[in-house]
Protein chains: 2
Amino acid sequence: MEIKVVRNILEANDRIASQNRGLFIEKGIYVLNLMGSPGAGKTSLLERTLEHLKERKRIAVIEGDIETSRDAERIARFNIPTVQINTGGACHLDGNMVRGSLAELSLDQVDLLIVENVGNLVCPAEFQIGENDKAMILSVAEGDDKPLKYPLMFQVSSVLLLNKVDLIPYLDFDMERFRADALKVNPKLQIMTVSCKTGEGLDAWFRWIEGQLA
Amino acid sequence: MEIKVVRNILEANDRIASQNRGLFIEKGIYVLNLMGSPGAGKTSLLERTLEHLKERKRIAVIEGDIETSRDAERIARFNIPTVQINTGGACHLDGNMVRGSLAELSLDQVDLLIVENVGNLVCPAEFQIGENDKAMILSVAEGDDKPLKYPLMFQVSSVLLLNKVDLIPYLDFDMERFRADALKVNPKLQIMTVSCKTGEGLDAWFRWIEGQLA
């Protein structure tokens, strides 16, 4: 019974996400769904990406948070169209929330829409929003055992950014084990080791996203 | 409509949690619901707590994970009764899952039951399981902005263990801001700064949990 309710919710969501998808295709917008735990570095990655791309591409951002508009405030300095979605308790964005926010964007003037999901390594992975790609970001401080314990997000993501690699000297993080487990869960996963703090490794990320946009 | 479904699920859960609670009271068991993001240090805290208490108290553990029994394997060396719950995708433990696992424990021989919830800073906070107290653990690497962005877990927890403080020299973590925000969300919250790696600060935690057991 409970399973049926969940399935109905996911099916209804997939329908709405498909409609979003159709709209994004019509407008020629590439949409990235950026997911990860609280504090993994989603907003920092977004800032770095905006710094790199904003002069060359027309970018818009949807910020998903349970409460507050702190992330949107961090993005405000870039002067790009930004919509804040406060989910009011919900632990993920869904297709309907994203659809509801699109009226606030001039979609004809957007090449790239980056959607920063709610900080959560679990639930956002279940909900399509109409994106081209899902990217996940994980902090090395979260530990090397995450791919097998939280497999769904690794499975549905095109790219994994392993962030805060500047902290590795102070952690027990087994990179070989992590890579092997992540690729066991998703053999196609592109893994990039980065530090949004130092900038290390971000070139590969910029190349990837420019490739997707091309 | 969706809100109604969610409310029904939470009400049904609260009923089952109350039944669990009655059973725990009858058996004289203190139950702790340990919550936090993936990689915050839940299992490490559990290991430290077992090292400290296992000779003096009869302890049992319920390990909640989406997949794998890795955490339960880490706990196996303590030779205490441990039940693994694999939620099969669900992002939290609920009262019914905990109830279903209790048959595997000899409750007459337990003083303290520690339930390690699924790694998630959001959803577990919504679901009672019949516990005496909720404790949350947060890694400093998750950032100082979490209390206002993810308020519910801070609101429902009796104790907050701020873990991995040995990493603070390598992070931009504003302890004053963090404390002020956490206490704004929950003025009664007991905040303890610890490192499960170095052992720093754990004495306060041990004193707290022994006080609750007394």
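A brief structural summary. Predicted model, so just to flag it, every value in this text is computed and none were measured. Position numbers for residues start from 1 in each chain and track the written sequence from start to end. Throughout, the order in which chains and ligands are written sets their labels, letters from A for the former and numbers from 1 for the latter. The predicted nature of this model means local features are confined to residues of pLDDT at least 70 and side-chain atom pairs, given and counted, to a pLDDT of 80 or more, with totals for whole chains, interfaces and linings taken over all residues. To get the side-chain values, all heavy atoms of the structure are used, and hydrogens and water are removed first.

## A few points about the overall build of chain A
How we decide: Numbering goes from the N terminus for both helices and strands, where a helix is a DSSP run of H or I of at least four residues and a strand is a run of E of at least two. The quantity called the radius of gyration is restricted to C-alpha atoms. Its globule counterpart is 2.2 Å times the number of residues to the power 0.38. A simple rule labels every residue: compare its accessible area, found with a 1.4 Å probe on the protein chains alone, to the largest value its type can have, and call it buried under 20%, exposed over 50%, or partly exposed in between. We call two residues in contact when some of their heavy atoms are within 4.5 Å. Per-residue and other accessible areas follow the Shrake-Rupley method at a 1.4 Å probe size, with only the shown protein chains counted as cover for residues.
What chain A contains, in helices and strands, is eight helices and seven strands. Relative to its length of 214 residues, chain A is compact, with a C-alpha radius of gyration of 17 Å against a globular reference of 17 Å. With respect to the three principal axes, the spread of C-alpha positions in chain A is 50 × 45 × 35 Å. The buried share among the 214 residues of chain A stands at 56%. Considering only contacts in chain A between residues 6 or more positions apart, those separated by 24 or more positions represent 74%. As displayed, chain A offers around 8,800 Å² of accessible surface, 48% of which is attributable to carbon and sulfur atoms.

## Regarding the pairing of strand β5 (residues 133-139) of chain B
Residues and elements named next belong to chain B. Definition in use: Pairs of strands are assigned from DSSP output, requiring at least two bridges between the strands.
Most of β5 sits out of view: seven of its seven residues are buried. Both faces of β5 are covered, namely the face carrying Asp 133, Ala 135, Ile 137 and Ser 139 and the face carrying Lys 134, Met 136 and Leu 138. Across four bridges, the pairing between strand β1 (residues 30-35) and β5 is parallel. Looking at β5, one finds that Asn 33 is bridged to Lys 134.

## Quick look at the environment of Gly 41 of chain A
All names here are of chain A. For Gly 41, the position within the fold is in the loop between β1 (30-35) and α2 (42-53). According to the relative accessible area criterion, Gly 41 is buried, its value standing at 10%. Along the chain, Gly 41 and Asp 94 lie 53 residues apart, while their C-alpha atoms are 21 Å from each other. Every residue in contact with Gly 41, bar those within four places of it in the chain, is listed here: Ile 137, Asn 163 and Cys 196.

## Describing the nonpolar core
Among soluble globular proteins, nonpolar side chains are generally buried collectively. Applicable threshold: By convention a nonpolar core is built from buried Ala, Val, Leu, Ile, Met, Phe, Trp, Tyr and Cys residues, the set being connected through side-chain atoms within 4.5 Å.
Counting 54 residues, the largest nonpolar core has Leu 138, Phe 154 and Leu 160 of chain A together with Leu 138, Phe 154 and Leu 160 of chain B as its most contacted members. For this core, the elements supplying multiple residues, two or more each, are β5 (133-139), α6 (151-156), β6 (159-163) and α7 (175-185) of chain A together with β5, α6 (151-156), β6 (159-163) and α7 (175-185) of chain B. Contacts of Leu 160 of chain B, omitting those with residues within four sequence positions, involve Met 136, Leu 138, Phe 154, Phe 178, Ala 182, Leu 189, Gln 190, Ile 191 and Met 192 of chain B.

## Regarding the relation of the copies chain A and chain B
So the rule is basically this: For the least-squares superposition of copies, only C-alpha atoms count, and only for residues with pLDDT at least 70 in both.
Superposition record for chain A on chain B: RMSD 0.0 Å, screw rotation 180 degrees, translation along axis 0.0 Å. Considering both components of the superposition, the chain copies are consistent with a two-fold axis. Of all interface residues in chain A, 100% are interface residues in chain B too; the two copies therefore contact each other through one and the same surface.

## Considerations on the pattern of salt bridges
Short version of the rule: Every case where a carboxyl oxygen of Asp or Glu lies within 4 Å of a side-chain nitrogen of Lys or Arg is listed as a salt bridge.
A complete count under the given rule lists 26 salt bridges over all chains for this structure. Across the salt bridge formed by Asp 181 of chain B and Arg 70 of chain A, the nearest N and O atoms sit 3.6 Å from each other. Of this pair, Asp 181 of chain B sits in helix α7 while Arg 70 of chain A sits in helix α3 (residues 70-76), placing the two residues on different chains. On the accessibility criterion, Asp 181 of chain B (7% relative accessible area) is buried. For Lys 149 of chain B, the salt bridge goes to Asp 145 of chain B, with nearest N and O atoms at 3.6 Å. Comparing Lys 149 of chain B with Asp 145 of chain B shows no difference in burial state: the two are buried. Residues joined by salt bridges that share partners form a network here, namely Glu 47, Glu 51, Arg 74 and Arg 77 of chain A.

## Here's the deal with the environment of Gly 100 of chain B
Its location among the elements puts Gly 100 of chain B in helix α4 (residues 95-102). Remark: the alpha-carbon pair of Gly 100 of chain B and Ile 85 of chain B, spanning 15 residues in sequence, is separated by 9.2 Å.

## Observations concerning the sheet that holds β5 of chain B
All names here are of chain B. As a reminder, the rule being used: Between the N-to-C directions of two axes lies an angle of 0 to 180 degrees, each axis being a line fitted to C-alpha atoms and, for a helix, fitted only over the stretch in contact.
Strands sit in the order β3-β2-β4-β1-β5-β6-β7 across an open sheet of seven strands; the sheet is parallel. Edge positions in the sheet fall to β3 (82-86) and β7 (190-193), since each has one partner strand and no second. Shown here is a sheet whose adjacent strand axes are inclined to one another by a mean of 20 degrees, direction ignored. One ladder, built from five bridges, connects strand β2 (residues 59-65) with strand β4 (residues 112-116); its direction is parallel.

## Focus: α7 of chain A
Where we set the bar: By definition, the arc is the one covered by directions from the helix axis to the C-beta atoms. In the analysis that follows, any N or O atom pair within 3.5 Å is treated as a polar contact, provided that within protein one partner can donate a hydrogen and the other can accept it, and provided that, for residues neighboring in sequence, both atoms belong to side chains.
Among all positions in α7 of chain A, only Phe 178, Asp 181, Ala 182 and Val 185 of chain A are buried. Buried residues of α7 of chain A, viewed axially, fall in a sector of 100 degrees; they line one side. Along α7 of chain A, the residues that are exposed and aim more than 90 degrees away from the buried face are Glu 176 and Lys 184 of chain A. In the core, the buried residues of α7 of chain A are packed alongside β5, α5 (146-149), α6, β6 and β7 (190-193) of chain A together with α3 (70-75) of chain B. Where α7 of chain A begins, one side-chain oxygen reaches toward the backbone nitrogen of Glu 176 of chain A, 3.2 Å away; that side chain belongs to Asp 174 of chain A.

## Points about empty space enclosed by the protein
Where empty space is left can be seen by rolling a probe of water-molecule size over the atoms. To keep it simple, the criterion reads: The definitions used throughout rest on a 1 Å grid laid over the protein atoms alone, on which a cavity is an enclosed set of points accommodating a 1.4 Å probe that cannot get out and a pocket is an open set flanked by protein within 12 Å on both sides along at least five of seven lines; lining residues are those having an atom within 4 Å of a point. Grid points are joined across faces, edges and corners, and a volume is the space filled by probe spheres set on the points. The nonpolar class holds Ala, Val, Leu, Ile, Met, Phe, Trp, Tyr, Cys and Pro. Asp, Glu, Lys and Arg form the charged class, and all remaining residues, Gly among them, are polar.
One pass over the structure, following the stated rule, counts one cavity of 30 Å³ or more. Lining the largest cavity are 14 residues, with Ser 139 and Glu 142 of chain A together with Ser 139, Ala 141 and Glu 142 of chain B sitting closest to its centre. Grouping the amino acids of the lining of the largest cavity by side-chain chemistry returns six nonpolar, five polar and three charged.

## Considerations on the pairing of β7 of chain B
Residues and elements named next belong to chain B. Short version of the rule: By convention, orient the strands away from the viewer: a clockwise path from the first strand over the helix to the second makes the crossover right-handed.
Where β6 and β7 come together, four bridges link them in parallel fashion. Bridge pairing links Leu 162 to Thr 193 in β7. Traced from β6 through α7 to β7, the parallel crossover comes out right-handed.

## Structural notes on the side chain of Ser 157 of chain B
Residues and elements named next belong to chain B. With respect to the helices and strands, the residue Ser 157 is situated in the loop between α6 and β6. There is a polar contact of 2.7 Å between the side chain of Ser 157 and the backbone oxygen of Met 153. Residues contacting Ser 157, with those up to four places away along its chain left out, are Met 35, Lys 134, Ala 135, Met 136, Asn 186 and Leu 189.

## Concerning unusual backbone geometry
You will see that Lys 164 of chain A, though not glycine, has its phi angle at about 65 degrees, which is positive. Looking at where Lys 164 of chain A falls in the secondary structure, it is placed in the loop between β6 and α7. A positive phi angle is found at Asn 79 of chain B, which is not glycine, with a value near 55 degrees. Structurally, Asn 79 of chain B can be placed in the loop between α3 and β3.

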